[in-house]
Every structure is written in structure tokens, then in C-alpha cells.
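This is what each chain is made of:
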Amino acid sequence: MTLENQLIKKTFYETFMEADEKNPIRVLGEAFLAGHKDGTADISAIRFAQGEVYFHNKDYEAAIFKWENTHNDLEPWAKKNIADCYYEIGQLSTAEEIYKSIDTESSVLQSEVALQLFSLYIDQGRLEKADQVIKKAVSLNPDYPNVTDIARAFFEKHKDWKSAIELAVNEAIRTESHHWFDILKTYADQGLTNTFEPNYFSKCLVVLYGVDQTRFEQMVHALWNGYRNESSYFSWLREFNQLFLNLDANREQSWKELSSLYQETYFELIDGTYLMKELAEIIPNLLTNWIKIADRADALFASAAVLAWSEKFPSSISPEVVNDAENLIFHSRNEIDGLEYSLTLFDSIVKWAEAQHVDPGHRFRWLIRELVDFETHHVFVAGTSGNGKSAFINSILGENIQAAPTSSVIVFKGDDETEIRKISDEELTTFSSFDEFQEAVDRRLNKVVDNAIIEFSLPAPILQENRMVLMDTPGFSDRNGMEGEAWKYLHFADSLLFVLDANDPFTEKEQEILMQIREYAPNLPIHFLLNKMDEIYDEQEAASIVEDTRSRVRAYLPQAKVLAYSSRLRSRKQQNDLAEFLKNLNRPIAEDDRIEKILIFIRNLIGHLLDKRSEMENSLADSIKWNEEMVTKLSGAIHQLTDLKKEKVRIITRTFHKVLEDIRSDLSENIPKILRESSDMIQEDSDFRKIHLELNDEMNRRVHAYINDKILPELYRSLQEWIVTANDELDHCQSFLDEMSDGFNAMYGEERIKLKCDFKVLDDWCRDADRMTSGVQIEKVNIFLRRTPYQILLKSAGRLLGAFQQNNAILYNKYKQFVENEDYLDVTESITNKLLLQFELFAKSLERDISIFFRNPFDVLNQMVEETKKEINDKEEELEKMRSNPETYRDPLTLFEVKLRQYEWITISAKGVLQI
């Protein structure tokens, strides 16, 4: 046992013992005495050993005494042992102080002191101190027995994963031990490593690559999955791929797990979720590394991915890698279900488009669905105008379907029932009648070629027996060849039947068109129908024409078949020849061919969606402009309505005030007259002591009678006339608003605005007119009892002189003269004001009532303005978002295009022909 081990275990005292000695106390005591006597022994060493013996026997006080008196090279160990004693007796603070005071160059003693302090801090619950001291112990001497294991156990117990991972990384790099790499992988498997920046593990991975490739692959897989759903995922991809790029990995080694991980990640990255700016610096290195290690199962995908990406982004991948991919793709095992992948791609594009609120169109769904039907053969019927193409199709169908050249693509399908549908990008429409169908497709009525497909299903035995559909398209023109939309559907066809006119077969123009078709669809089988043979009366000439046409056709297309035909004849031989011709035409459909067609239409769909984006932007801009114009028009309508309301308020209130003015004038004129005429009740024999009272009552009675019998009926009649006038004015307003509603609704293209006024105000006016003119009760007016000087004088004279008969003549004359000459202005005004008070109040409410009449139109128009402004704002925000971030729409389509090109490369590799 080495000295350091003895010091650690406190067995230094054994150096003083003989082999057969059993009592160390006696031996050390004798040695101590002998040393004192002769002075040759190291007394400090003996004391140190005695301290050990006392310690083992738990006599800590004696041990401390001995070690305090140790003054040789063992003194640092003695101090450590003293601290151990205090530790054992529970004086932890004293022990800590002594441990920390030890100054030594011995790494072993330093480690022992650190471990003791670590235990002490654990006992005290001072975990932060314990953490510090164990980390120091590891950094001082990581090879010290158990120190790293103790540290790892401490970190794991307290879930200090950061420290645990750092320990594992450092030890793995230092020791290159499988043990520590496996521990680190365990942490990665638990998802604990993703809190570190990915570059933290780079050095560790490089070391592991040199140590154990299998463990390297497993470690990468664990770290990769840990970062997958974290914000640092792309940082990991950048860091690892740059690291792996510099390693000498190749396909000669087995990288099955990592190759599969590359494939999974690549498809995950290009699924349309990420933008190109995020992928531009990641994908090239990822693909370079993938193809470097791709196993046989993944080599086809890897090479196709490299070629597709490099085509879309030239110079992003080195030429050496691209050349490697070109060589590899034609020597890879093709076990891929191309149809499944193609349909999955189509579905993913459709779902993405729908998530962007862009309709991918019914037409593409229909095309893909039809192409998946491998049992049905699609025959594209083509030819120049006037060659009898429509007549041929009619003869096949057994009905006169095509009365004129078509402006649309029509697909004729055999079925038990007749149904005609129009399949456009926007909608599916079923025609209700044959006439409606003919109107829709007649070229003479529809000058522009529609991109919609007309699906015409009908009982057609020859189509049903041969599992065949015929596709008719707008004919070739002398100037432009086939219409642009019709070209798109060449790829839908499994074969093309070119209809020629027997009178002038296979003209130069037809040869040019044929070459265009071959260029556009090089793999499409083409056959010919020599039509109108019934117009060639000489059989020998007819045979010569057929043979000559067949010879000239085969100069271009050696495999092409030519059938002589007459749409007018119904001979059994011709029918048999036609049946045999169509039977030969209907060759087995190769799945690869249909997959290639599906991929072509997926490419068309991507182009369609890119065009849709421009259409959407233009549509939004047009909508904003149109809505801004509508706001202007609606605001103008509100101003018009405001002016109209003001005008009607003015007219209706003015008319009403005119009624009141007429009544007031009548009252002002007639009440004084009535009051003066009341003098006829004054007689010479009247009792002048009471005449003023009687006269006042009579005047009130006559005024009331006048008002009730003449004024109120007249007022009622005038009010009814006023109501009729007001009704006419308001009716005019409603008519004006109805026209305004119709105008706006015509602009909106739907019934969005209804400007209905509230005619209940007229009912209220009628009711108020009845109420105000129905027997008005007017308070009795003090006409002749007022305290004017003259009246006081008359009343006083009447009371004083009325008792004397001879004075009556004088009083009679005076009263008569007074009544007939009084102006009664105050009385008349008072009666008029009282009578017309409620009418005046009514007049003041007219403007409010007319506002109520117009309230709904104002509300509707103001609401429309607010809704339109909100719509403008929403569309402006949407347009701004589209224009400021075009990549959010464009980039996913670019990635779909890359994925499509990858599948196209896989299809090419299946044919074994390199196409650039």
C-alpha cells in the first residue's frame, strides 16, 4: 500500500507494526519512549500514528492532541485529520474552517479535502457550496477515484442536468470512454441536451466519430431528435452538417440510421412550412451529406433530391455532388410507390392552398381522379377545322351531339345514364338540358375558348365496351394551330386520334401541327383516321389515297395506324374495322405513364396557384378601389339624404305654419268683431249693476261657439290637407330612396341595401290632428272684467246709478259705445295663443318627426359606410401583408415544385433515360 493510501485510510501507524504485533497502542507507546530517550526517532511521525489509532477508537480528543503536535511533512495531513475529528463529533463549522485552511501541493490531499468538504456541505444542506466544491474537485483531479461518479450522482440527484451534461461531455472528450458517451446519449434520449447550443457538442461528436462510428450515429440521432421541435433546430442542422461535411464518411460504411434521418428531415423541411431564406443555407449541406452516406434504400430519393434542388437553385450544390447524384440515380434500387407519392404531393398542395384560402379548382381534382383510373383509356380526337371531326364523334356516339365546332374541351364517357357537367376551376355545374349544353359549347356563340371541361356521360356501347373516353377539343386553326387551352389536355390523353380529310389528307399544315404535338408530348401514341371516304367514288382511287396517306404518315410515325372511315356510312365491315381499330388503340396503360401525366398536371396546378396569387392581389386592389368609390357614393347619398331631409322639413313645417297663420289671421279678424257685436245684448232696461258679468259670459260663449263651430272644423280640414301634402312629399322621398336602393344594389349585384322610411309618423300626425281639433276646451277669458280705468268707471257707475231708472239711458249709451269701440287686441291674442298653443308645440316636433322618418335610411347608409371602410381596411391590410411578405405564399410553392421535380427524376430513372 502506498503512503498516500495509508494517509487516506489513516493506517500510517501500520508502518510501525511488526508482522505478529496486535496492539498498536503498546507498540507506538514504546516507540515514543524510545525516541525520547535516544533522540533518534521522528517523534512527530509517532504522534501522527498515535492520532490515527485514537481516531479509529473514537478517542477524538486524544487524536486531535496528537495531531496538533505533529510538526513534520505530515502536518497538512494532520490538519486534515483534525478536521475529520471535528466532523465526526459534529463541530462542522470548526471542521470546515480547518479544511479550508489546509495549504498543500498534494493533489491527493487536495482531492480528499474537497471530498470531505463536499460531504460536510451535503450534511449542512448547503447545496450551492457542495456544487462548487465537487466541480473544483473534478477540475483539479478528474482521475481521482470516484470523484466524477460522485459528481454525476450529485448532479443527477438534484436534477442539475446542465452540470451533468457538461461533466459527461468533458469526460467523454478527455477519456474517449464509451461509458461517458453512453451517459451523454442517455441525457440526449431524455431530451435534456436541447438547452445547450448545438455547437457545444461538436468537439464531442468529432471525438466519438473517431472512437466508434455506431455510437456516433446513435448519438447524432439522439441529439437530432432532441433539437427537432426547439427554436435551435436550424442551428443544429447548420452546425452538424458543417461538421459532418468535414468528416470522411462515405457510402462504403453503413449509415442506415443516419441516412433515414436525413430523408425524414429533408421531406419535413420542404413540406411548405418554412421559407426559402431559412432553408437556403441548410438544404445544400444536408443534401450533400445525405448523398454521401445514403444506403441502397435511400439512394434514389437522395440523388433525386440533389438533382431537383440543384436545378431549382444552380450553384447551391457543388458540381461533383450533382455528378455523383446523376450517376447514382440510374444505379439505385427503385422500390418507391410513385403513384402514392404523387397523389400525396397533390393532396398536400391542395390542403396548403385551401389553408391559404385559395381554391385549387375542381378541374385539377377531376383530372387527377380520372388519371388514377387505369382501366379507362383516354383518346384525344384532334384535327383541323372542316375535317369532319364532329361528324366522326357523332357516329361513334350514335347521336347527333356535335352540331357545330366546340369552344370547350368535351370528354365523352360511356354510362348508363345521360348527364352533362361543366367542370371549371370555380364550380361544378350540371346542365339541365341538351340545348343548354349546345349553347355553352357552340363555337359560333362562344368566341373565347373556355378552360373548363365538359363531361358528357351517355349510353355509348362502343365506349363502354372498350373502356374508353373520347376527348374533343376546339379544332386546329390555320393561323394558330390548336387553341392554347386545348394543348394543356394533350397530357391527359393515352393516345391521340388525328382526323384527316380524305379529299386533302395530311397537308403541310397538318404535318406542322403533328410536329408541334410530338414536341409537346413526345411519348404520346398518335394514330390517324382518314375521314370522308364516302366522297371518293372510285374504289381504286380511294385505295390509292389510303395507301399514300399511310406511307406519308409512317415517314413521321412508323408505328402509327391509319383507318379509312366514313361518318355517313353504317356498313358492317366499317363497324368491324372501327371496333378492331379502337381495340388495338386501347393498349394496356402503364402506371409510369399515368404517374408522369399526374406529375405534369401537378406542375400545372402549381403554376395555376402562382397565377392565383397575382389574381388575388389584383382582385384585392380592385376591390379596395371599388369600395373606396362606394364609400364616396354612399357618402354622397348621405349628403343627398341630408339635403332632402332639410328640404322636406322646410316644406312640411312651412306648410303647417301657413295653416296656423291662416287660422291666426281668421281669429285676429273675427274675435274682435264677435266681441263688438256682443253689444246687441245691452238694452236700456238691462240691469247695469250686473251687465258687466252677463256681458263677459256672453262674449266667452260666442267666442267659444265661433271656435268650436267654425275655427276647429276649418283647422281640421286644413290639417287633413296638410297631411295629404306631407304624405305626397314623403312618398316622393321614399320613391327617391327606392331608386337609390336599386342603384346601389345593382352596383353590389345583390340586395344589400333597403332604405325604408318610417311612415308611422303620418299615422301619429293624423292622430294628433284629430286630438287637437276635437272639441277644444278653452278657459273662460276675462274679457269685460278687466281692471282698466274705463271699465272700472263703467262698472262703478252701473252699480251706483243702475238703481235709478232715469240713469239707464246714459249707462246704456256708455256701455254700448264702449263695447262697440274697444279693439280687444289683448283678449284676441290671449285666446289665439291658448287655442294654438298645442299646435305650436306640434309644429316644433315636426323636425324631430321627419328625422325619425328618415332615421332608418340614414342608419343603413352610415352602417354601409362603416362596413365598407372596415372592408377597405381589412383588404388593405391583407394586400399589404401579401405584398410585404410574398415569400410566405411563393416559397411553399417553390418547395412543392422542388419535390415535384424530385418525383420526376425518380420517374426518369425508372425509364433509365437521362433527361436534362
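Structural notes, computed from the coordinates. (Residues numbered from 1 in each chain as written. Predicted model: local features only at pLDDT ≥ 70, side-chain atom pairs only at ≥ 80, totals over all residues. Heavy atoms only, no water.)

## Notes on the pattern of salt bridges
Part 1: Counted under the stated rule, the structure contains 56 salt bridges.
Part 2: The partner of Asp182 in a salt bridge is Arg215, with the nearest N and O atoms 2.8 Å apart. Residue Asp182 is located in helix 11 (residues 178-189), and its partner Arg215 is located in helix 13 (residues 213-227); the two are separated by 33 residues in the primary sequence.
Part 3: Since its relative accessible area comes to 31%, Asp182 is described here as partly exposed.
Part 4: For Arg215, a relative accessible area of 23% translates into the label partly exposed. (Salt bridge = Lys/Arg side-chain N within 4 Å of Asp/Glu carboxyl O. Helix = DSSP H or I, 4+ residues; strand = E, 2+ residues; numbered from the N terminus. Buried < 20%, exposed > 50% of the residue type's maximum accessible area, 1.4 Å probe, protein only.)

## Notes on the packing of helix 14 (residues 233-245) against helix 15 (residues 256-269)
Part 1: Where helix 14 meets helix 15, the closest approach of the two axes is 14 Å, and the angle between their N-to-C directions is 135°. One way to sum up the angle between helix 14 and helix 15 is to call them oblique. In terms of crossing hand, the pair formed by helix 14 and helix 15 is left-handed. From helix 14, Tyr233, Phe234, Leu237, Phe240, Asn241 and Phe244 reach across to helix 15, where they touch Leu258, Tyr262, Thr265, Glu268 and Leu269. (Axes fitted to C-alpha atoms, helices over the stretch in contact; angles between N-to-C directions. Parallel < 35°, antiparallel > 145°, perpendicular 65-115°, else oblique. Left-handed = near helix turned anticlockwise from the far one by under 90°. Contact = heavy atoms within 4.5 Å.)

## Remarks on the environment of Cys733
Part 1: Here Cys733 shows up in helix 30 (residues 691-748).
Part 2: When its relative accessible area of 0% is taken as the criterion, Cys733 is described as buried.
Part 3: Residues Cys733 and Cys757 lie 24 residues apart in sequence; the distance between their C-alpha atoms is 8.5 Å.
Part 4: For Cys733, the residues in contact, after removing those within four places along its chain, are Leu644, Lys648, Phe853 and Phe854.

## Description of unusual backbone geometry
Part 1: Not every positive phi belongs to a glycine, and Arg467 is a case in point at roughly 45°.
Part 2: Within the element layout of this structure, Arg467 appears in the loop between helix 24 (461-465) and strand 6 (468-472).
Part 3: On the basis of relative accessibility, which here comes to 42%, the residue Arg467 falls in the partly exposed class.
Part 4: A positive phi is found at Phe506, a non-glycine position, where the angle reads about 55°.

## Overview of the side chain of Thr376
Part 1: Locating Thr376 in the fold gives a position in the loop between helix 21 (362-372) and strand 1 (377-383).
Part 2: Taking the relative accessible area as the measure of exposure, Thr376 reaches 9% and is therefore buried.
Part 3: Looking at Thr376, its side chain comes within polar contact range of the side chain of Asp373, at 2.6 Å.
Part 4: Every residue in contact with Thr376, bar those within four places of it in the chain, is listed here: Arg467, Met468, Val469, Asp494, Ile589 and Arg594. (Polar contact = N/O pair within 3.5 Å; in protein donor to acceptor, adjacent residues only side chain to side chain.)

## Here's the deal with the packing of helix 20 (residues 338-355) against helix 29 (residues 591-677)
The description of two helices packed together rests on the angle between their axes and the distance between the axes.
Part 1: Between helix 20 and helix 29, the least distance of the axes is 10 Å, while the angle of their chain directions is 15°. Comparing their axes, helix 29 and helix 20 come out roughly parallel. Where helix 20 crosses over helix 29, the two elements pack in a sense that is left-handed. On helix 29, the residues that touch Gly338, Leu339, Ser342, Leu343, Leu345, Phe346, Ile349, Val350, Trp352 and Ala353 of helix 20 are Glu591, Ile595, Ile598, Leu599, Ile602, Leu605, Ile606 and Leu609.

## Concerning the sheet that holds strand 4 (residues 428-430)
Part 1: Strands sit in the order 4-3-5-2-6-1-7-8-9 across an open sheet of 9 strands; the sheet is mixed. On the outer flanks of this sheet lie strand 4 and strand 9 (562-564), each paired with one strand and no other. Taking each pair of neighbouring strands and ignoring which way they run, the sheet shows an average axis angle of 25°.
Part 2: Along the sheet, helix 22 (residues 389-397) makes contact with strand 1, strand 2 (409-414), strand 5 (453-458), strand 6, strand 7 (495-501) and strand 8 (526-531), crossing strand 1 at roughly 145°. (Pairing = 2+ DSSP bridges.)

## Some words on the state of the cysteines
Part 1: On inspection of all chains with the given rule, the structure shows 0 disulfides.
Part 2: Take Cys733: it sits in no disulfide, and the sulfur closest to it among the cysteines is that of Cys757, at 6.6 Å. (Disulfide = S-S within 2.5 Å.)

## As for the packing of aromatic side chains
Part 1: This structure, assessed with the given rule, holds 50 aromatic pairs.
Part 2: Measuring from centroid to centroid gives 5.4 Å for Tyr200 and Phe201, while their planes differ by 85°, and the two rings are edge-to-face.
Part 3: Accessibility expressed as a relative area gives 28% for Tyr200, which makes it partly exposed.
Part 4: For Phe201, a relative accessible area of 1% corresponds to the buried category.
Part 5: Here the aromatic residues Tyr209, Phe216, Trp224, Tyr227, Trp236, Phe240, Phe244, Trp255 and Tyr262 are joined through ring pairs into a cluster of three or more.
Part 6: Its end group placed over the ring of Phe55, Lys10 keeps NZ or CZ at 4.7 Å from the ring centre.
Part 7: Arg752 extends its terminal NZ or CZ atom over the ring of Tyr748, reaching a point 4.4 Å from the ring centre. (Phe/Tyr/Trp six-rings, centres within 6.5 Å; stacked < 30°, edge-to-face > 60°. Lys NZ or Arg CZ within 6 Å of the ring centre and 35° of its normal.)

## What about helix 9 (residues 147-157)?
Part 1: Listed as buried for helix 9 are Val147, Thr148, Ala151, Phe154 and Phe155. Across the axial projection of helix 9, the buried residues extend over an arc of 125°, all falling on one side.
Part 2: Contacts from the buried residues of helix 9 go to helix 7 (107-124), helix 8 (127-140), helix 10 (161-175) and helix 11.
Part 3: Following helix 9 by one or two positions, Lys159 has its phi on the positive side, about 55°. (Arc of directions from axis to C-beta.)

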